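Residue-level listing of the chains:
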Amino acid sequence: MGLRENAAVAAGRTLTETEPGTVTEAREAPNLTEPDLGDLSKDAEAVSAVFAWSRVMGEVRAIGKDQKFDGGNAGRFNFRGVDLALNAFGPACRKHGVVVAPIKVEPQYRDIGTKNGGVKRECTVLVTYRIFGPEGDYFDTQAAGEASDSGGRSTPKAQSIALRTLLLSVGLVPTEDRDADATEFERSESPVRPASSYLDEICNPSTSAGRLRQIHYELGSTRQLGALVTNEVGDEEQIGAMVVRIGKERAAGGAE
């Protein structure tokens, strides 16, 4: 039997003969075009690896965050995937005789639970890459990646993320996004916590002397040390003095 027959048997299907005159439609591969970076058939100029990489950086001027992730409760954001990075860096590296090769992969694994009760395998990987120039010299760099999967694909996914991270970070690729600091804004004042709200914590025997010192500082920063409150025995007392008194008692008792 041929491959077609074997595949049908493995799938439990009965293979039917093609009707006479039936034409099988052949689909062409998508037209994947690369940016015009000149004649890639010429030998790259013999320069050092660092200099050749700087030329690659000169070719890859920007990669926009055009891909969208919609994870529902996990969040929504735009990102630059590994495909975009490879499409940009591949032609430029070939033009300038640069080879990027992983020489060491250090993975770590753990099982994580999902909200539906399932289990996923999480992979965190540190990859050491060696970037060769056209003269054969090189320099090393590292990138990390993390991914989880329930079907045994966490390792290649994590390595893909590490490669994307390498290309974008070592290539210093801008996004052409608006500068986040271009617009100024004023931060609103945080509401002041009232002195009386500290009483339960101050009187709690488990509150350490260190925390009491912090409370005293917070009250001082909001100018409330002189506020009158009802202390633990029912008397009226300034809260600042109360904190100092109880703090000394806790410190004398050995509390940190």
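Taken as a whole and assessed by the stated rule, the structure comprises 13 salt bridges. Note that glutamate 249 is salt-bridged to arginine 245, the shortest N-O span being 3.7 Å. Remark: arginine 245 and glutamate 249 occur in helix 7 (residues 239–252); sequence separation between them is 4 residues, near one turn of the helix. Because the salt bridges share partners, they merge into one network encompassing Arg193, Glu201, Arg211 and Glu218.

Packing of helix 2 (residues 49–59) against helix 3 (residues 82–95) brings their axes to within 9 Å, and their N-to-C directions diverge by 135°. Here helix 3 runs oblique to helix 2, going by the angle between their axes. The interaxial crossing formed by helix 2 with helix 3 has right-handed handedness. Contacts from Trp53, Val56 and Glu59 of helix 2 reach helix 3 at Phe89, Ala92, Cys93 and Lys95.

Contact pair helix 3 / helix 4 (residues 154–170): the axes reach a minimum separation of 9 Å and the direction vectors enclose 50°. The orientation of helix 3 relative to helix 4 falls into the category oblique. Helix 3 and helix 4 meet at a crossing whose hand is left-handed. Contacts from Val82, Ala85, Leu86 and Phe89 of helix 3 reach helix 4 at Ser160, Leu163, Arg164, Leu167 and Leu168. In terms of residue class, the contact of helix 3 with helix 4 is built from 7 nonpolar, 1 polar and 1 charged.

This paragraph deals with the nonpolar core. Within the largest apolar cluster, 25 residues are counted, with the highest numbers of intra-cluster contacts made by Trp53, Val56, Val60, Ile63, Phe89 and Val98. Beyond its immediate stretch of four places on either side in the chain, isoleucine 63 contacts Arg80, Leu84, Ala85, Ala88, Phe89, Leu168, Val173, Pro174 and Thr175. Listed in part, the 12 residues of the second largest apolar core include Tyr198, Leu199, Leu219 and Val243.

With that settled, consider the pairing of strand 3 (residues 99–113). Pairing of strand 3 with strand 4 (residues 119–132) involves 14 bridges; the strand directions are antiparallel. Bridge pairing in strand 4 links alanine 101 to arginine 130. As consecutive antiparallel partners, strand 3 and strand 4 are separated by 5 residues, and within that stretch glycine 117 has a phi angle of approximately 90°, a positive value.

Quick look at unusual backbone geometry now. In the Ramachandran plot, leucine 172 falls in the positive-phi region, its phi being about 50° despite a non-glycine side chain. As for its position among the elements, leucine 172 is in the loop between helix 4 and helix 5 (199–203). One non-glycine residue, arginine 223, adopts positive backbone phi at about 60°. Here arginine 223 is to be found in the loop between helix 6 (209–221) and strand 6 (228–230). For arginine 223, a relative accessible area of 81% puts it in the exposed group.

Procedures and definitions
- Residues numbered from 1 in each chain as written.
- Predicted model: local features only at pLDDT ≥ 70, side-chain atom pairs only at ≥ 80, totals over all residues.
- Heavy atoms only, no water.
- Salt bridge = Lys/Arg side-chain N within 4 Å of Asp/Glu carboxyl O.
- Helix = DSSP H or I, 4+ residues; strand = E, 2+ residues; numbered from the N terminus.
- Axes fitted to C-alpha atoms, helices over the stretch in contact; angles between N-to-C directions.
- Parallel < 35°, antiparallel > 145°, perpendicular 65-115°, else oblique.
- Left-handed = near helix turned anticlockwise from the far one by under 90°.
- Contact = heavy atoms within 4.5 Å.
- Nonpolar A, V, L, I, M, F, W, Y, C, P; charged D, E, K, R; others polar.
- Core = buried A, V, L, I, M, F, W, Y, C linked by side-chain atoms within 4.5 Å.
- Buried < 20%, exposed > 50% of the residue type's maximum accessible area, 1.4 Å probe, protein only.
- Pairing = 2+ DSSP bridges.

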